Amino acid sequence: MWRPPQRIRWTPKPGPWPTAAEAASSRLFSPIAIGRLQLSSRTWVPAMVPWRATEEGFVTAQNIEWYARFAQGRPGVIVVEATGIRDVPSGPLLRIGDDRFIPGLRKLVDAVREACDGETLIFIQLIDFLAIRRRPDPARYFQQFLKITDRHRRAFPFDEQTGGAHPDHVIRAKLAALPADELAAILDARELEALRVGARERVTDTHLAHIRDLPSQLPDLFARAARRARDAGFDGVELHYAHAYTMASFLSALNDRSDGYGGSREDRVRLPLEVFRGVRAAVGTDYPVGCRFLSEECIAGGNTLADATYFGVEFARAGMDFLSLSRGGKFEDAKQPAIGASAYPYTGPSGYECMPQYVSDERGPFGRNIEPVSAIRAAIRGAGLSTPVVLTGGIFDFATAERLLARQQADVIGLARQGLADPDWFIKVRTGHGSAINVCEYTNYCEALDQKHQQVTCQLWDRRQLDEPGINKTKDGKRRLVPPRWQRPP
Ligand SMILES: Cc1cc2nc3c(=O)[nH]c(=O)nc-3n(C[C@H](O)[C@H](O)[C@H](O)COP(=O)(O)O)c2cc1C
């Protein structure tokens, strides 16, 4: 992962933990409405992919165990990981692109409800993403993947022996033998990208029919997926309009489609609003629907706070029931992956903004999303709209969460990595046992596992009590898959 060059080491220092009585009268543990539903507290576990689904995208016993473990901590909302809306193979990521996925998802919902006596609401994040290829072996790239065009042929005009044009296999061999700087003058930007990091589709590739047709396909795909989520028993859906994926790419200032779905802010927000309307029509007005989007893209030429403020007001005005804000996490500045691996959108400076870790700059890794989210919320309120805003990013303690609510900088506080480090954070704070919390160290151990598509765990608990009978472990038997249960002191 990219880290700021200042390399300043930060340690999370939680403010005072409240007594049970203080927690009971706090803002954080007071209810709030999301659509027709009431959250028991203003706490939220944002979507986190734990890499526990089957290769075919079905829910496993490990998924169920994972979410039920989070539910034991009784946050206000758990958002189930990014779940694919299409019926296409996508590796061990959850899918909801067909009715056959509903029974497994229903089991997951039931397990969560049981684990928290129905106190925690369970939402699911719905995602669409475009194709991305692994970084190829250069020899194979030139032999097989590169489509030879006249532009390449012109770089090697004459066959010295025949005086004619070189056959394509010779062009391929000649290209493969060129030093990087000469290659850069012959291959176009997309060909170089395909060679150096792996080819990646963009929403602006309108020469491809399936990309051109995204605006006519996606509202229905999202709507059907949301309907399945409702049928599986989820309390609501979160449309994934954030990070490096399709919907965020439509919103992006880099989207210059000329078909009415790119260019100006008004046109960039058009498809996200059409998707929302499609979903709303499919699930009804009484079903909570919101979205996750970016307060800033944090890439050159990308969306700024002004863009996000405009989108936030538009989403609220359209009738979304909540808005959850993340930041960064883009492909555009991702690091070059190893040969055979795919680019990962959390490896560059924008990835750092999404999941900032303890080696940081003067600002530090905590609360980097506070200022922009507060501004977006203020603009939404200024437009006369009361849509709840969920703020996430480097928040780990009660004092900060409470202050943000008191200052009206957010309505709900998200704890992703801190929730993973200690899913009992919520119940511990509420019952006056905050000092028993495993405070996240923000080393990004979890994020490194995510990057390698390995089962996500936390270093603060995955080697503890490994001899506990009946626990599930990683395939190598070295890590437990959920933290030990917390025994509440009498
Ligand atoms: C292992 C892991 C998986 C994640 N998966 C998702 C995801 O599926 N969808 C999403 O919107 N964000 C995802 N995120 C980002 C988090 O939801 C959150 O925005 C980020 O970690 C910053 O919040 P934090 O500082 O509280 O951890 C993931 C983060 C981690 C660590």
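Everything numeric here is computed off the predicted structure, so don't read it as measured data.

Draft legend 1. Highlighting the overall build of the protein. Check the secondary structure of the protein and you find 20 helices and twelve strands. At 24 Å, the protein has a C-alpha radius of gyration in line with the 23 Å of a compact globule built from 490 residues. Overall size of the protein, expressed as C-alpha extent along the three principal axes, is 90 × 55 × 50 Å. Of all 490 residues assigned to the protein, the portion counted as buried reaches 48%. Sequence separation of at least 24 residues holds for 72% of the intrachain contacts in the protein that already meet a minimum separation of 6.

Draft legend 2. View of the site of the ligand. Around the ligand sit 26 residues in total, of which Pro 46, Ala 47, Ala 82, Ala 416 and Arg 417 are the nearest. If you list the elements that add at least two residues to the shell around the ligand, you get strand 5 (77-84), helix 18 (417-421) and helix 20 (445-451). Looking at the shell around the ligand, the element that brings in the most residues is helix 20, giving three residues. Considering only residue class, the shell around the ligand consists of 13 nonpolar, eight polar and five charged.

Draft legend 3. Up close: the sheet that holds strand 5. Pairing is parallel in the closed barrel, where eight strands are placed in the order 4-5-6-7-8-9-11-12. The average undirected angle you get between the axes of adjacent strands in this sheet is 25°. The sheet contact formed by strand 6 (residues 121-127) and strand 7 (residues 236-240) spans four bridges and is parallel. Bridge pairing links Ile 124 to Val 237 in strand 7. Against the sheet, helix 16 (residues 370-382) touches strand 9 (322-326) and strand 11 (389-392), its axis set at about 175° to strand 11.

Draft legend 4. Layout of the environment of Tyr 67. Its location among the elements puts Tyr 67 in helix 2 (residues 61-72). Under the C-beta neighbour-count criterion, Tyr 67 is labelled buried, with 25 such atoms within 10 Å. Through-space distance from the C-alpha of Tyr 67 to that of Val 482 is 9.5 Å; in sequence the pair is 415 residues apart. In contact with Tyr 67, other than residues within four places in its own chain, are Ile 78, Val 80, Leu 108, Ala 111 and Val 112.

Draft legend 5. Local environment of unusual backbone geometry. For Trp 51, which is not glycine, the phi torsion reads 55° and is therefore positive. The phi angle at Asn 444 is positive, at roughly 65°, despite the residue not being glycine. Looking at the secondary structure, you find Asn 444 in the loop between helix 19 (425-430) and helix 20. Given 22 C-beta atoms within a 10 Å radius, Asn 444 is considered buried.

Draft legend 6. Examining the packing of helix 2 against helix 3 (residues 102-115) more closely. It is the contact of helix 2 with helix 3, at a shortest axis distance of 8 Å, that shows an interaxial angle of 30°. In terms of their interaxial angle, helix 2 and helix 3 are classed as roughly parallel. Crossing of helix 2 over helix 3 shows right-handed handedness. Contact residues: helix 2 offers Asn 63, Ile 64, Tyr 67, Ala 68, Ala 71 and Gln 72, while helix 3 offers Lys 107, Leu 108, Ala 111, Val 112 and Ala 115. For the contact of helix 2 with helix 3, a count of residues per class yields eight nonpolar, two polar and one charged.

Draft legend 7. Local environment of the packing of helix 14 (residues 305-318) against helix 16. Running from N to C, helix 14 and helix 16 cross one another at 40°; their axes reach a closest spacing of 9 Å. Classified by the angle their axes make, helix 14 and helix 16 are oblique. Here the hand of the crossing between helix 14 and helix 16 comes out right-handed. Residues Leu 305, Ala 308, Thr 309, Gly 312, Val 313 and Ala 316 of helix 14 touch helix 16, and the partners they reach there are Pro 372, Ala 375, Ile 376, Ala 379 and Ile 380. Class assignment for the residues of the contact of helix 14 with helix 16 results in nine nonpolar, two polar and no charged.

Draft legend 8. Representation of the pairing of strand 8 (residues 289-294) in the model. Along strand 8, six of the six residues are buried, which leaves the element largely enclosed by surrounding structure. Alternating positions in strand 8 separate into two faces, Val 289, Cys 291 and Phe 293 on one and Gly 290, Arg 292 and Leu 294 on the other, with burial throughout. Where strand 8 and strand 9 come together, five bridges link them in parallel fashion. If you follow Cys 291 over to strand 9, its bridge partner there is Leu 323.

Draft legend 9. Main features of the pairing of strand 6. Among the seven residues in strand 6, seven count as buried, and that is most of the element. The alternating pattern of strand 6 places Leu 121, Phe 123, Gln 125 and Ile 127 and Ile 122, Ile 124 and Leu 126 on opposite faces, both of which are buried. One crossover worth recording links strand 5 to the parallel strand 6 by way of helix 3, and it is right-handed.

Draft legend 10. Local environment of helix 17 (residues 398-406). Every buried residue belonging to helix 17 is among Phe 398, Ala 401, Glu 402, Leu 404 and Leu 405, and all of these are buried. Across the axial projection of helix 17, the buried residues extend over an arc of 160°, all falling on one side. Check the buried side of helix 17 and you find it contacts helix 16, strand 11, strand 12 (412-414) and helix 19. The positive-phi residue at the C-terminal boundary of helix 17 is Gln 408, with phi of around 55°.

Draft legend 11. Summary view of helix 2. In this model helix 2 runs 16 Å from its N-terminal to its C-terminal C-alpha over twelve residues, within 8% of the 16 Å that 1.5 Å per residue would give. Listing the buried residues of helix 2 in full gives Asn 63, Trp 66, Tyr 67, Ala 68, Phe 70 and Ala 71. Among the structural elements, strand 4 (43-45), strand 5, helix 3 and helix 18 are those in contact with the buried residues of helix 2. Arg 74 sits one or two residues past helix 2 and shows a positive phi near 55°.

Draft legend 12. Representation of the environment of Ala 242 in the model. As for its placement among the helices and strands, Ala 242 is situated in the loop between strand 7 and helix 11 (246-251). The spatial distance from the C-alpha of Ala 242 to the C-alpha of Glu 22 is 35 Å, given a sequence separation of 220 residues. Residues contacting Ala 242, with those up to four places away along its chain left out, are Ala 248, Arg 292, Phe 293, Leu 294, Ser 326 and Gly 329.

Draft legend 13. Up close: the environment of Arg 69. Mapped onto the elements, Arg 69 comes out in helix 2. Judged by C-beta crowding, with 19 C-beta atoms within 10 Å, Arg 69 ranks as partly exposed. Taking the C-alpha atoms as reference points, Arg 69 and Pro 349, 280 residues apart in sequence, are found 32 Å from one another. When near neighbours in sequence (up to four residues on either side) are disregarded, Arg 69 contacts Pro 423, Val 482 and Pro 483.

The rules we used
- Residues numbered from 1 in each chain as written.
- Predicted model: local features only at pLDDT ≥ 70, side-chain atom pairs only at ≥ 80, totals over all residues.
- Helix = DSSP H or I, 4+ residues; strand = E, 2+ residues; numbered from the N terminus.
- Rg over C-alpha atoms; globule rule 2.2 N^0.38 Å.
- Buried ≥ 20, exposed ≤ 12 C-beta atoms within 10 Å, placed from the backbone.
- Contact = placed C-beta atoms within 7 Å.
- Near = placed C-beta within 6 Å.
- Nonpolar A, V, L, I, M, F, W, Y, C, P; charged D, E, K, R; others polar.
- Pairing = 2+ DSSP bridges.
- Axes fitted to C-alpha atoms, helices over the stretch in contact; angles between N-to-C directions.
- Parallel < 35°, antiparallel > 145°, perpendicular 65-115°, else oblique.
- Left-handed = near helix turned anticlockwise from the far one by under 90°.
- Right-handed = clockwise from strand over helix to strand, strands pointing away.
- Arc of directions from axis to C-beta.
- Expected span 1.5 Å × (residues − 1).

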